[in-house]
Amino acid sequence: RNKIRHQIVPQLQQINEKAVEHMAILSEELEEIPETAIEYFEKIQDLCRDNNIELVVFKTPITDANGDELEWYLETTGLNNSVAVYLDKQNIPFLPMQNDIDIDYAHDFNDYGHLNFTGQKKATEYLGNWLTAHYDLPSHKEDPAYRSWEKDHEDFLQFLQERRKLVGLDDSDV
């Protein structure tokens, strides 16, 4: 896995340089959203409405599997714009994280399409901060009914510690 990562990192660094230089390019192009996507999204909306849940849509950063971040970004801009317009008309908050968080394409991805631990931390922190700023969310840290969440967190920290030792990392590497 490290061998593959060493092969990918130089290419991701080039993508990151392109992204920083060119991601500000915006297009007003719109692309039709597939009817099936709208149909299933409307089912999600109905389910949320029926259960008194306010829907928030977010899109985590991704890269192109071919490694050409700029080309991929421009190719998908029309659909992303259409989704943003659709959600705006529905009064549904949309968080397209691609440009809103400080992603380093060379270090925050597990592969070309999936955030790794550091990328996930950035996306989660951004989403948590946004939700906290826009909603009155109660803390359940001391609530016994949510003890299982604390146990899951403790188990996760233990898992991370074991993984760090296994691959020879210290706490500063994660």
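Cut-offs applied
- Residues numbered from 1 in each chain as written.
- Predicted model: local features only at pLDDT ≥ 70, side-chain atom pairs only at ≥ 80, totals over all residues.
- Heavy atoms only, no water.
- Helix = DSSP H or I, 4+ residues; strand = E, 2+ residues; numbered from the N terminus.
- Buried < 20%, exposed > 50% of the residue type's maximum accessible area, 1.4 Å probe, protein only.
- Polar contact = N/O pair within 3.5 Å; in protein donor to acceptor, adjacent residues only side chain to side chain.
- Contact = heavy atoms within 4.5 Å.
- 1 Å grid on protein atoms, 1.4 Å probe; cavity = no way out; pocket = protein on both sides within 12 Å on 5 of 7 lines; lining within 4 Å.
- Points joined across faces, edges and corners; volume = space filled by probe spheres on them.
- Nonpolar A, V, L, I, M, F, W, Y, C, P; charged D, E, K, R; others polar.
- Salt bridge = Lys/Arg side-chain N within 4 Å of Asp/Glu carboxyl O.
- Phe/Tyr/Trp six-rings, centres within 6.5 Å; stacked < 30°, edge-to-face > 60°.
- Lys NZ or Arg CZ within 6 Å of the ring centre and 35° of its normal.
- pLDDT = per-residue confidence, 0-100.
- Patch = residues over 30% accessible without salt bridge, like charges linked within 9 Å, V, L, I, M, F, W, Y side chains within 5 Å.
- Areas by Shrake-Rupley, 256 points an atom, 1.4 Å probe, with all protein chains shown as cover.
- Lys, Arg positive; Asp, Glu negative; His and termini not counted.
- Charge placed at Lys NZ, Arg CZ, Asp CG, Glu CD.
- Expected span 1.5 Å × (residues − 1).
- Arc of directions from axis to C-beta.

## Re the side chain of Ser 82
With respect to the helices and strands, the residue Ser 82 is situated in helix H3 (residues 69-89). Judged by its relative accessible area of 9%, Ser 82 falls in the buried class. For Ser 82, the side chain forms a polar contact with the main-chain oxygen of Glu 31, separated by 2.5 Å. Apart from residues no more than four positions distant in its own chain, Ser 82 is found in contact with Leu 30, Glu 31 and Ile 33.

## Remarks on the layout of surface pockets
Each pocket or cavity is described by its volume, and for the second largest pocket that value is around 490 Å³. Together, 15 residues line the second largest pocket, and His 140, Lys 141, Trp 149, Glu 150 and His 153 are the ones closest to its centre. Here the lining of the second largest pocket takes seven residues from helix H5 (residues 147-167), the largest share from any one element. A per-class count over the lining of the second largest pocket returns seven nonpolar, three polar and five charged.

## Section: the pattern of salt bridges
Enumeration over the complete set of coordinates arrives at five salt bridges. A salt bridge links Lys 43 to Glu 39; its shortest N-O distance comes to 3.9 Å. Of this pair, Lys 43 and Glu 39 both sit in helix H2 (residues 35-50), four residues apart, roughly one helical turn. We classify Glu 39 as partly exposed; its relative accessible area is 39%. The partner of Asp 46 in a salt bridge is Arg 49, with the nearest N and O atoms 2.8 Å apart. Placement of both Asp 46 and Arg 49 in helix H2 is noted, with a separation of three residues, approximately one turn of the helix. When its relative accessible area of 56% is taken as the criterion, Arg 49 is described as exposed.

## Remarks on the packing of aromatic side chains
Counted by the stated rule, this structure contains five aromatic pairs. Aromatic pair Phe 117 and Phe 156: ring centres 6.1 Å apart, planes at 35°, arrangement tilted. Of this pair, Phe 117 sits in helix H4 (residues 117-134) while Phe 156 is found in helix H5, placing the two residues 39 residues apart along the sequence. Joined through ring pairs, the aromatic side chains of Phe 117, Phe 156 and Phe 159 make up one cluster. Across the ring face of Tyr 40, the terminal group of Lys 43 is positioned such that the distance to the ring centre comes to 4.7 Å.

## A short note on the confidence of the model for the protein
Averaged over all residues, the pLDDT of the protein equals 77, while 71% of them reach at least 70. Across the protein, element-level confidence peaks in H2 with a mean pLDDT of 96 and bottoms out in helix H1 (residues 2-22) with 43. Predicted confidence is poor over residues 1-13, with pLDDT under 50, and the contacts of this stretch with residues over four places away or in other chains come to 15 contacts. Between residues 15-26, whose pLDDT stays under 50, and residues either more than four places distant or in other chains, the model counts 23 contacts.

## Section: a negative patch on the surface
A surface patch of negative charge is lined by Glu 29, Glu 31, Glu 32, Glu 35 and Glu 42. Within the secondary structure layout, Glu 35 lies in helix H2. Overall, Glu 35 belongs to the exposed group, its relative accessible area being 55%.

## What to know about H4
With 18 residues, H4 should cover 26 Å at 1.5 Å per step; its first-to-last C-alpha distance of 25 Å lies within 8% of that length. Along H4, the residues classified as buried are Gly 119, Ala 123, Tyr 126, Leu 127 and Trp 130. All buried residues of H4 fall inside an arc of 90° around its axis, so they share one side. Facing away from the buried surface of H4 by more than 90 degrees, the exposed residues are Thr 124, Glu 125 and Thr 132.

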